[in-house]
Amino acid sequence: MELPLLTLLILIPLLGALLILLVNGDTLFQRLALAVGLLQVLLFGVILFKTSLNSNTIYLSEKVNWFTLPLGKSGILQTHYHLLLDGLSLPLIGMSILVLLIATLASQEITNKKKGYFSLLLLLNASIMGSFMAQDFLLFYLFFEFMLLPMYFLIGIWGGKRREYASIKFFLYTLLGSLLILVVLIALYMSYGQGANPTVYSFSFDMAQQSNLLQADALLHPNNFSGIGGLSLRTWAFIFLFIGFGIKLPMFPFHTWLPDAHVEAPTPISVILAAILLKIGGYGLLRIAYPVFPSEALQLSFWVGLVGVISIVYGAWCALASKDLKKLIAYSSISHMGFVLLGLASAHAEGIAGVIYQMISHGFISAMLFLLAGVLYVRTHDRKIAHYSGLHQVMPVYFSFVLIAFFASLGMPGLSGFMAEFFVLTGAFMAGGSQAIIPFVFPMLALVGILLSAGYYLWTIQRMFMGTFHTSLSIEKSVFTDLSSQEKMMLVPLAILVFVLGLFPQVILQYINPFIEQWMSVVFPASAIGL
Amino acid sequence: MSQSFILVSLICCLPFAGMLMNLWLRKYVAYTSTFFLFIINILVFYFINQHETQIETSLIWFKLQSFSIELNYYINRDSILLLPVVSIISFLVHVFSIGYMAYEKSLSRYFNGLLFFTASMLLFVCAGNLIVIFLAWECLGLASYLLIGFYREKTEAGFAALKAMLLNRFSDLLLLSAIILMFAYYQSFNLKEIIDSQQTLPQLVGWMLLLGVLAKSAQFPLMNWLPSAMTGPSPVSALIHAATMVIAGVYLMIRLSPILPLSVLHGLTTIGSLTALLGALAATQQFDVKKILAYSTISQLGLMMAAVGIASPQAAMLHMISHAFFKAGLFLGVGALIHHLEENRVNKEINVQDIRNLGAPYKSYPYTFYTILIFSLALCGIPFTSGFLSKEYLLTQAWNSKNSLSIFYFVFIILTSTITVIYTTRLIVYTFFNKSKENFNSASSEKKPVFLFPLIALSIASFWWIINFNPFHADFYFFSKTTFTTPVWLTIGSTLFFPVLFFLAFRYFNSRDISNSPNQLLLQGFALDNLQQKLFVQPTLFIGNLFLSIEKKWIDGFIHVMAFATVLFSHIISFLDYWLVDGLVRMTYKASYTLGGWVRVSRSGYVQHYLFWFLFTAVLFIIWVLF
């Protein structure tokens, strides 16, 4: 019998969480969590091996019926437990597994209530895996919502001084987004049905992409002219999804939960938040919002691009003015996630490839950045940039990693960040050309964002690392020890990946390319964008 | 895969092998790096001798939907000329660094930086794909950033590196967008395909390209990073900020010159001429030896850029090569001098880079002095030097060109060259012939071969023979024999003019002390630092703070008001709930309680009461029945 590999990816952390609740022993919890992470890596290796034998665009898929609900006269509701691995989810899953493992390693700094911490971490792990693979909207929503719960407690219990404020803000913001998504979820299932007597309704993504399954009297039928505020219901549905996932991304002006959550969260949670959770926003747009509402998305490209560009520039400017290292990195995340929106708005294959590439690349880079911020915080319990100077003298190895991470993030060619931004910019410039999907000025403004990123990173290097060693904290110089071997163990793989993705993009593009070809043919066929 | 492809790839990759070796042989980084450069030189000369310029092979780097980026090389005459210049100067700088950096810490960082730079430069010279070119271009910037900031303890070194990187980054991003737009226009990133298509670039893209190369080649108004970049070690200044990296912008323009639109060419001439003059003027007022040379480099780069603009990339190429040798020589010579003087100064307070403190008797440092003199003469354009021939070629091209701006350029060359002679003699006189100030002892370590060999090699390369056998005719060996004639009056004029001017300037400076009240505007390099600070840096920081406060006050403020309103609303609801909804319920309950109380009175337990109520009811009943 074939092993249900995808289900195992979710099941293993769930069982791990259960096991942690059952056993006792202070050092055992982290080891168990690490074992789960390693098992997932192993499993992912097996999956990679299997996909190399497979030439389909969908590498693996597992589908069983979940539950059936008779709806009286109108038909039946059929839900599925449907997991799927394709060119979009495969790199994201791979990135998540690695980052989660590294975050587990970084959880060394957690000293209290370890049992709760690691079981929640594994719960989070399972729901992340689920949301990247679910192909049924209800199942996706379940996993998507379930991520909130462990995250709320992880920030609220193990966070910094203002943890309650940050965790509630995070929770409420994301909940608002989820509700918007829920509305569309319900509207969608009522609109797409298959067959007659009984009509089968479901939450399947596949069904929602087939316009011939639209019920004639459906809410979301393009011929349904009843709208609100001059916009059709379909447009509203897209806007709801856009805002719902945009909050997660996060996009301007729904981003203010992010800096607070990051500053208060413990290092490993910041890493997971920045590297993985933000990506679910982009993933949702790519997987649900665009394929289901392609023409509405194309109509609103200008606004999507505008929000993206504002996020890029605004985030970069806020980062420049930030005085707290973690806050700076958080704002830079907002800025870099703006590229996801810009790439989507371009409606070109290059831009979409850039979106996926940016999500992967930013996953690794931001993980590295937050780990590095954590390294300093663990030693001094202070993150103010102005409190340090000349750190290169006491922590030279640390400085080298900071250089790699900063330069990767500011878009140095040869490192992964450049490739992503290059693809997005290419797409955006092409879209700004003859078809004018978005104005030419958008990519130019994005360039301003990149320039500003060079500004804040290099200025930070100058302030914190150059010159002679000095700290305005009343701390012994001996506190500033260079990286421990464990910290190196976390940073080195990330640094290597950043280089590999920057120098050999084909590693990821071989998965992305077929996916995009298929995605573009469904969402933006050449006729739609006037090519 | 063709042999040449492998050879060029090997040349570009060898420095990385050197860096790996350095990890292993930590103690001998200087020697292993130099050794690797030596091998690279051998390979470069082997490659040039093959004369195989068409390398058709290419490797696919990556593929995306509509395009595939391949690693390929576009070797033409210009790259064949520049390749050995880069490798030779890099090798000499490595040799020089063995001595110059001997007592420095973190040597491996230094030599790895040099190797990384060399690799990027070689790749940049050969690469045939715009994206690969951009990659190499950015790596050049990174190497420059790391090496300018090599002395990490010095805060100003860090700031110089920061300034260099930011100005370059500004240009680079425009270059990147120009490249992407070129792709949109030509449907290709391949340099050869683009040039062979013979379609002129659209105006907008052309101008973006022009702005994209300004910073790297230190053109006005993005030139002020170069003087402050002199905080890096002198050999770095020689290699990166004089001979090779700064010509990258000119070189890229030379490569793309066949497709540049006319307005962009005019723009190049204008900006180049202006830069040449401004750089030369600023050089006359500097006190720091290395800054004089930096402004001089800016000025010469301007001449090259302008030469591309009058559609004479050959002249730009020729001047680039001759300039690379003598300017690298000048920096190394001055570096050697600084090194020797630092060892021999009487007290540590003396700044050996300030010409007001100098006045080292040239007899104590004969080798350094004579080599510096040769390089200076070449810079001034004195006959029998390479500088004379390349400048004559520039003048001839400007004179012969039918370009409408060429006369304007011709005048600028003469002006710039005149000022060049002035600041060069000023440098020579005050460095070597000044009345002895007793600042230095005369002991000397200048005979170390690691110092002497590069200087002598470069001075040999500063004579006319690297350009032509005939010291008065600027027909470069490698140029296809086009029919051009230098007007006789021009040859005679420049042969006489520059030596006479040199002699007069020498007499002038030698007879008086250095002026201590320089023109502040020129000393500050036209206050570009201040200007950029006021126009860009401060507003940017202001906007950043503004955004943060907007975020705190308005966005978060709005959220907090919303949260407060929600809480308030829920309090009101709870109030209403207590008094209205719950109140009604309680009222009902209370009413029935009271009613019950009244009724309960009847159940008192006395027989008399029951009897009374019984009779009372019975009487009522009887009355009701009867009536």
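Note that the coordinates shown come from a computational prediction; the quantities given were computed from them, not determined experimentally.

Concerning the interface of chain A and chain B
Taken together, the contact between chain A and chain B spans 61 residues of the former and 48 residues of the latter. Interface of chain A and chain B: buried area, both sides summed, is about 4,700 Å²; carbon and sulfur atoms make up 75% of it. A per-residue breakdown of the area chain A buries against chain B is headed by Trp317(A), Phe422(A) and Gln462(A), which together make up 13% of the total. In this structure, Lys169(A) and Asp556(B) form a salt bridge, with 2.8 Å as the shortest nitrogen-oxygen distance. Among the elements that line the side of chain A that touches chain B, the one with the most residues is helix α18 (residues 441–464) of chain A, at 11 residues. Each residue belonging to the side of chain A that touches chain B can be placed in one class, and the counts come to 41 nonpolar, 15 polar and 5 charged.

Some words on the sheet that holds strand β2 (residues 76–86) of chain A
Residue and element names in this part refer to chain A. The strand order across the open sheet formed by 4 strands is β1-β2-β4-β3, and the pairing between neighbours is mixed. The sheet is open, and its two edges are formed by β1 (58–70) and β3 (193–194), each paired on a single side. Here β3 runs beside strand β4 (residues 200–202); their pairing, made up of 2 bridges, is antiparallel. Its bridge partner lying in β4, Gly193 is registered against Tyr201.

Topic: the confidence of the model for chain B
Residue-level pLDDT values for chain B average 85, and 95% of them are 70 or greater. Mean pLDDT across the secondary structure elements of chain B bottoms out at helix α20 (residues 520–523) of chain B, with 78, and peaks at helix α5 (residues 130–148) of chain B, with 92.

Considerations on a nonpolar patch on the surface
A cluster of nonpolar side chains, namely Phe564(B), Leu568(B), Ile572(B), Phe575(B), Leu576(B), Tyr578(B), Trp579(B), Leu580(B) and Val581(B), defines an oily patch on the protein surface of about 960 Å² accessible area. In this structure, Leu576(B) sits in helix α21 (residues 528–602).

Some points on the pairing of strand β2 (residues 68–72) of chain B
All names here are of chain B. Pairing geometry for strand β1 (residues 58–63) and β2, over 5 bridges, is antiparallel. Across the sheet, Phe62 pairs through a bridge with Ile69, a residue of β2. Following β1, the chain reverses through 4 residues before pairing antiparallel with β2.

Quick word on the pattern of salt bridges
Applying the stated criterion across every chain yields a total of 12 salt bridges over all chains. Measuring nitrogen to oxygen at the nearest pair gives 3.6 Å for the salt bridge that ties Arg383(A) to Asp324(A). Pair noted here: Arg383(A) is in the loop between α15 (349–380) and β7 (388–389) and Asp324(A) is in the loop between α13 (301–321) and α14 (325–346), with a separation of 59 residues, a long-range link. With respect to class, Arg383(A) is no different from Asp324(A); both count as buried. Measuring nitrogen to oxygen at the nearest pair gives 3.1 Å for the salt bridge that ties Lys192(B) to Asp196(B). Within this pair, Lys192(B) and its partner Asp196(B) are both found in helix α7 (residues 191–196), separated by 4 residues, close to a single helical turn.

What counts, and where the lines are drawn
Residues numbered from 1 in each chain as written. Chains lettered and ligands numbered in written order. Predicted model: local features only at pLDDT ≥ 70, side-chain atom pairs only at ≥ 80, totals over all residues. Heavy atoms only, no water. Contact = heavy atoms within 4.5 Å. Buried area = accessible area lost by both parts, 1.4 Å probe. Salt bridge = Lys/Arg side-chain N within 4 Å of Asp/Glu carboxyl O. Helix = DSSP H or I, 4+ residues; strand = E, 2+ residues; numbered from the N terminus. Nonpolar A, V, L, I, M, F, W, Y, C, P; charged D, E, K, R; others polar. Pairing = 2+ DSSP bridges. pLDDT = per-residue confidence, 0-100. Patch = residues over 30% accessible without salt bridge, like charges linked within 9 Å, V, L, I, M, F, W, Y side chains within 5 Å. Areas by Shrake-Rupley, 256 points an atom, 1.4 Å probe, with all protein chains shown as cover. Buried < 20%, exposed > 50% of the residue type's maximum accessible area, 1.4 Å probe, protein only.

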